[in-house]
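Each chain, written out:
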Amino acid sequence: MAALTLRGVRELLKRVDFATVPRRHRHKKKWAATEPKFPAVRLALQYFDMTYSVQFGDLWPSIRVSLLSEQKYGALVNNFAAWDHVNAKLEQLSAKDFVNKAISHWELQSEGGKSAAPSPASWACSPNLRCFTFARGDVSRFPPARPGSLGVMDYYLMDAASLLPVLALGLQPGDIVLDLCAAPGGKTLALLQTGCCRNLAANDLSTSRVARLQKILHSYVPQEIRDRNRVRVTSWDGRKWGELEGDTYDRVLVDVPCTTDRHSLHEEENNIFKRSRKKERQILPVLQMQLLAAGLLATKPGGHVVYSTCSLSHLQNEYVVQGAIELLANQYSIQVQVEDLTHFRRLFMDTFCFFSSCQVGELVIPNLMANFGPMYFCKMRRLT
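These figures come from a predicted structure and were not determined experimentally.

Rules and cut-offs
- Just so you know, the residues in each chain are numbered from 1, in the order the chain's sequence is written.
- Confidence filtering applies because this is a predicted model: local features only for residues at pLDDT of at least 70, side-chain atom pairs given and counted only at 80 or more, and all residues used for totals across whole chains, interfaces and linings.
- The basis for every side-chain value is the complete set of heavy atoms in the structure, and neither hydrogens nor water enter the calculation.
- Axis geometry follows a simple rule: fit a line to the C-alpha atoms, using only the stretch in contact for helices, then measure angles between N-to-C directions, giving values from 0 to 180 degrees.
- Here a helix means four or more residues in a row that DSSP labels H or I, a strand means two or more in a row labelled E, and each is numbered from the N terminus.
- Crossings are classed by handedness, with left-handed meaning an anticlockwise turn of the near helix from the far one by less than a right angle and right-handed meaning a clockwise turn.
- Whether two residues touch is decided by their heavy atoms; if any such pair falls within 4.5 Å, the residues are in contact.
- Classes in brief: Ala, Val, Leu, Ile, Met, Phe, Trp, Tyr, Cys and Pro nonpolar; Asp, Glu, Lys and Arg charged; the others, Gly included, polar.
- In what follows, salt bridge is the name for a side-chain nitrogen of Lys or Arg lying within 4 Å of a carboxyl oxygen of Asp or Glu.
- Only protein chains enter the accessibility calculation, which uses a 1.4 Å probe; a residue is then buried when its area is under 20% of its type maximum, exposed when over 50%, and partly exposed in between.
- Here pLDDT means the predictor's own confidence in every residue, given as a number from 0 to 100.

Colleague: What should I look at first to understand the packing of helix H3 (residues 40–56) against helix H4 (residues 60–67) in this one?
Modeller: A pair of packed helices is characterised by two quantities: the angle between their axes and the separation of those axes. Between H3 and H4, the shortest axis-to-axis distance is 9 Å and the interhelical angle comes to 145°. Our pair here, H3 against H4, has a crossing hand that is right-handed. Judged by residue contacts, Leu 45, Phe 48, Asp 49, Tyr 52, Ser 53 and Phe 56 of H3 engage Trp 60, Ile 63 and Arg 64 from H4. For the contact of H3 with H4, a count of residues per class yields six nonpolar, one polar and two charged.

Colleague: In this structure, what is going on with the pattern of salt bridges? I would like to understand it.
Modeller: For the coordinates displayed, the defined rule picks out twelve salt bridges. Residue Lys 300 is joined to Asp 250 by a salt bridge in which the shortest nitrogen-to-oxygen separation is 3.3 Å. Of the two residues, Lys 300 sits in strand S9 (residues 299–309) while Asp 250 sits in strand S8 (residues 249–255), which places them 50 residues apart along the sequence. Assessed through its relative accessible area of 28%, Lys 300 is described here as partly exposed. Ionic pairing is found between Glu 362 and Arg 345, a salt bridge with its closest N-O pair at 2.9 Å. Of this pair, Glu 362 sits in strand S12 (residues 362–364) while Arg 345 sits in helix H16 (residues 342–347), and the two are 17 residues apart along the sequence. Given a relative accessible area of 26%, Arg 345 falls into the partly exposed group.

Colleague: Is there a simple way to explain the confidence of the model for the protein in this structure?
Modeller: Low pLDDT marks regions whose predicted coordinates should not be analysed in detail. Across the protein, pLDDT averages 89, with 87% of residues at or above 70. Low pLDDT (under 50) marks residues 1–6, which in the prediction has zero contacts with non-local residues, meaning those over four places away or in another chain. Counting interchain partners and residues more than four positions distant, the pLDDT-below-50 stretch residues 12–22 has six contacts.

Structure representation (structure tokens):
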């Protein structure tokens, strides 16, 4: 009986042997359809671990955990609202205006002879900007902004480090200004808050992002102010701006598309680390260099450009700046000089954590005690 049973088992195994099963009945594993795909946020973290551990060395673990933690925000006061009332309301939350606090501290040091550094007037920080933040280590949140008594929103919540490129641009009254990659609109709004723009061109290639920009302008800026400042919103290819309006602007902000490092670690939607966007990501530095070159060509000789990203990557930061300067020198015989911004590091050291080893420009790195950024910014002056 046992022999018969063993023989029966063998016959059964022969029958289910896949080699004898007709091809049309075989199951073929469809890897693309059935295997789980890595989410883009995980691919981003793997890429950052690989590259930033080399770029930042021992600093990377601290930056990494900060990027993965909740971001801090600042509240940019809307000067077109009842700003004194807004200031008082934010002060009641124990928040401080980091811009004016830093400038006041700097002025006191200069007057007391404790600092040999230049006064605020000589480094030409953009005026009239008020942005409240909570102290280092305080993870309190601002309540959502609401319309005030004048019908516009009281303040705009943003990464406070995003204000640094606008401050560095050093706007002066009567300037003609270009925001080349303006959407979603926080920096454009900050440019208008200075009260310095005789004309402001706000451009972004993406029509959907331009719609977000328009919504912000309508929510924060009264119609008569938009008309008086002659705000022009366009959706053109920024790479061609040098051909369209060369030698035109006093100040140009080039806040380019980038890997948006913090967003890429938290949001699947519109994540540049999706496999379908691999080629787009790989050519980013080329696009960034073309946009910066166009911004420099659109600037008047003697005018200033600030280049910025929200990426830690030196390939998207210092290398792009150096490449664009070489491009203008070689192809257009235009000389560009990088401006020293080390005073920004000293001025705002109580609010932000700066990376001390940038070749050119300044970089705010995320830190658990001051979890803003990343934000890279570099100021240039077109000489010829």
